[in-house]
Every structure is written in C-alpha cells, then in structure tokens.
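# Chain and residue survey
So you can see what is in the structure, the chains are spelled out below.
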Amino acid sequence: MTDTVSFGYEDVAPEEKTRRVGEVFSSVASKYDLMNDAMSGGLHRLWKDKFVRRVKPRAGEHILDMAGGTGDIAFRMARSGASITVADINPEMLAVGIERAAERGIASGREPDAGSLVWSEANAEQLQWPDRFFDAYTIAFGIRNVTDIPRALREAHRVLKRGGRLFVLEFSTTQWPGFAEAYDAYSHHLVPRLGQLLAGDADSYRYLVESIRRFPPMPEFERMIREAGFTQTKVEPLLGGLVAIHSGWKI
Ligand SMILES: C[S@@+](CC[C@H](N)C(=O)[O-])C[C@H]1O[C@@H](n2cnc3c(N)ncnc32)[C@H](O)[C@@H]1O
C-alpha cells in the first residue's frame, strides 16, 4: 500500500482517510437519503434500479451488499426472494437502514433467509465471512470511499463462490462535451451549498464531490477488477460515463 491515499483533493495517511470517511458518513447518515434525491434530482433511483436489473438476484441466492449504507440496493434485491447481507463499516448508516427496512415491512434477521436482510458491520478490506460464501457481491457508490481499493476487490473475490459475480456502481467521468463542464460546475459549487442547506454540512458534500473526481477512470478501474482475479469484466457507462456499472466473474 502507498504512503498516502486521496481524501477528496487531499492526500492523507491511510488510517486518516478511514477515520475521516467515517466522520463524513456519521455526519450525513440521517440526511443521506434526502440528499441523494436532492443532489441527483432523483436520478440515483433509476441508476440503482438499472444496477439491480444487471445483478438479476434470484430466490435462493445469498448476496453481499457491501457498503450497503441505508439499504437502497438491498431493498431492491430483497424483492427477488434472494437473501441479502447488508454490510457497512458505519453503524450510523446501518441504523438508518434498519429503521427504513422496518418502515417498509422488510424483515431483518440474524440469519440469511429468503427476502429478508441481515445487517452487519464490516470493513470491505477485511471481511469476516469464509471463502466462497456468496453468490454475488454488490457495492454501490461505496468503493471510492474505501481506503485500500485493491484489497477490498481481493476480499470480494475471496468471499464469492466459483461462478459468483461482482457488480460495482460508481461515479466516473462523463465523456459528453458540454455536459461534463456543466456537471463540474454544478458539483463543485452547488452540491456543497445544498449540503449546507439541507444537512447543515458543506464539508462532507465537498468531500463526496472531490472523491468522485479522484476515482480512477473506467478503463483503469476495470483493470483493477481484473487484477483482483475477476474475468469477463464489463463496464456499462450511464449518462456518458457520469456513472458506470462494472462487473466481473469469479471462475
Ligand atoms: C455513498 S454511501 C453508499 C450507500 C449505499 N450503497 C447507496 O448506494 O445508497 C457509501 C457507504 O460506504 C461505506 N463505507 C466506506 N468505507 C467503507 C469500508 N471500508 N467498508 C465498508 N463500507 C464502507 C460508508 O459508511 C457509506 O455507508
């Protein structure tokens, strides 16, 4: 691992990034879902729907939704009858998710069961599950916040069964001329203001914007996925690459 990693536009020690990312999500947890709608104009819902259509969860499967936060991806996948483990490093994000699941009448339990959710505190870099345990591993808008991304990808590979699949939904860089510039101005100037207005926290939202800009471009991230051992990797850009769905198989 290198000596420093990016925390937004800053370069910091790895342990400092983990701590500060923790502070960001503890700070935004209670307003996270409202802010997602405000920042994306509701678009994140469509991206998440599409992502889950690509995952194609099936009854009887056991899926790990890593960095699952407040449960958006897990709720969608649970409809299929698959059993979902929602894992996140941040207990405050999970607590909001557990509350939301109860409001939606989605069962939460201790053991994986059809259509129900297990909530689990976990660091993507060091998972507590044995080798070859899950049928699929999903991570949505989570991987860029992880301090040691190659290590997290190797862990994803380890806990997947042979024939298991990895799906990553993450911001990237749109290639559409005009749109790229407009998005840049919007995200750098308006998102922190929205964060201040709606969540009382401009700095956390500044970090979220900056972390998007520092995330590797699509071909480089695809190469990282292959280096972790995945094959038949694919990338599907959405809105010219503003967001991308990456996938790969463990064989
Ligand atoms: C932007 S949120 C995404 C939440 C959810 N997947 C969604 O799409 O709405 C990012 C999540 O990544 C989690 N996270 C950051 N670093 C992590 C790590 N090393 N291991 C597990 N989760 C992590 C944060 O706590 C946060 O809940």
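Residues numbered from 1 in each chain as written. Predicted model: local features only at pLDDT ≥ 70, side-chain atom pairs only at ≥ 80, totals over all residues. Heavy atoms only, no water.

In the nomenclature of an unreviewed UniProt entry, the protein chain corresponds to Ubiquinone/menaquinone biosynthesis C-methyltransferase UbiE from the organism Sphingomonas leidyi. Recorded in UniProt under Function (unreviewed entry), the annotation for the protein chain is "Methyltransferase required for the conversion of demethylmenaquinol (DMKH2) to menaquinol (MKH2) and the conversion of 2-polyprenyl-6-methoxy-1,4-benzoquinol (DDMQH2) to 2-polyprenyl-3-methyl-6-methoxy-1,4-benzoquinol (DMQH2)." (UniProt positions renumbered as here; feature names shortened; annotations may be inferred.)

## Details of the UniProt feature "binding site: S-adenosyl-L-methionine" (unreviewed entry) in the protein chain
Listed under "binding site: S-adenosyl-L-methionine" (unreviewed entry) in the UniProt record, and renumbered for this structure, are T70, D88, N123 and A124. By the secondary structure assignment, T70 is in the loop between β3 (62-66) and α4 (72-78). If near-sequence neighbours (up to four positions away) are discounted, T70 is found in contact with Y32, D33, F75, M93, V96, G97, R100 and W119. Turning to its location among the elements, D88 is positioned in strand β4 (residues 83-88). (Helix = DSSP H or I, 4+ residues; strand = E, 2+ residues; numbered from the N terminus. Contact = heavy atoms within 4.5 Å.)

## Focus: the pattern of salt bridges
Two side chains carrying opposite charge are able to pair once their charged atoms lie near each other. What the rule picks out here adds up to 22 salt bridges. We note a salt bridge from R100 to D33, for which the minimum N-O separation is 3.3 Å. Taken as a pair, R100 in helix α5 (residues 91-104) and D33 in helix α2 (residues 32-40) lie far apart in primary sequence, 67 residues in all. This pair shows no difference in class: R100 is buried, exactly as D33 is. A salt bridge links E222 to R226, with the nearest nitrogen and oxygen atoms 3.8 Å apart. Residue E222 and its partner R226 are located together in helix α9 (residues 218-227), separated by 4 residues, close to a single helical turn. Several salt bridges converge on common partners, so that one network encompasses D33, K48, D72 and R100. (Salt bridge = Lys/Arg side-chain N within 4 Å of Asp/Glu carboxyl O. Buried < 20%, exposed > 50% of the residue type's maximum accessible area, 1.4 Å probe, protein only.)

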